[in-house]
Amino acid sequence: MATEQHTNEHASMTKKRIWQVFFYLLGITALEFFIALVLVKNEYIPHGFANFIYIVLTLLKAYYIVAYFMHLKFENMTLITSIVVSLIFIVYLIVLLLTEGSYLNVHMN
């Protein structure tokens, strides 16, 4: 019964949906290249704003990859929450380590 329910949850992941997500990712990547090679190069937008746009677009691409190709969208909410909370703590740890390393670099030299 559990296998049947699991199969039904993944039934919405058809070839059409896979290609649709592929073209979303292709479009986002093309937009990133357009921003880098046209808008930033010709100085229509500043580098700082372009970096913010890159981060947002990259997070959007990561969502599509994790949700559809890694099938996380079809899992229950407990698993998703545990993964997201763990990711938040890992990012927080990295920020703390970089801050501490920067402080030590400035004050120890």
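Residues numbered from 1 in each chain as written. Predicted model: local features only at pLDDT ≥ 70, side-chain atom pairs only at ≥ 80, totals over all residues. Heavy atoms only, no water.

Let us now look at the overall build of the protein. Secondary structure summary: the protein contains 4 helices and 0 strands in total. Secondary structure elements of the protein, listed N to C terminal, follow the sequence α-α-α-α. Expressed as a percentage of its 109 residues, the buried residues of the protein come to 17%. Carbon and sulfur atoms make up 72% of the accessible area of the protein, which totals about 8,800 Å². (Helix = DSSP H or I, 4+ residues; strand = E, 2+ residues; numbered from the N terminus. Buried < 20%, exposed > 50% of the residue type's maximum accessible area, 1.4 Å probe, protein only. Areas by Shrake-Rupley, 256 points an atom, 1.4 Å probe, with all protein chains shown as cover.)

Attention now moves to the packing of aromatic side chains. Taken as a whole, this structure holds 6 aromatic pairs when the rule is applied. Both rings, one in Phe22 and one in Phe23, keep their centres 5.1 Å apart while their planes meet at 70 degrees; by these two values the pair is edge-to-face. On the accessibility criterion, Phe23 (48% relative accessible area) is partly exposed. When the centroid spacing of 5.5 Å and the interplanar angle of 65 degrees are considered together, the rings of Tyr63 and Tyr64 count as edge-to-face. Ring-pair connections join several aromatic residues into one group, and the members of that group are Tyr24, Tyr63, Tyr64 and Tyr68. (Phe/Tyr/Trp six-rings, centres within 6.5 Å; stacked < 30°, edge-to-face > 60°.)

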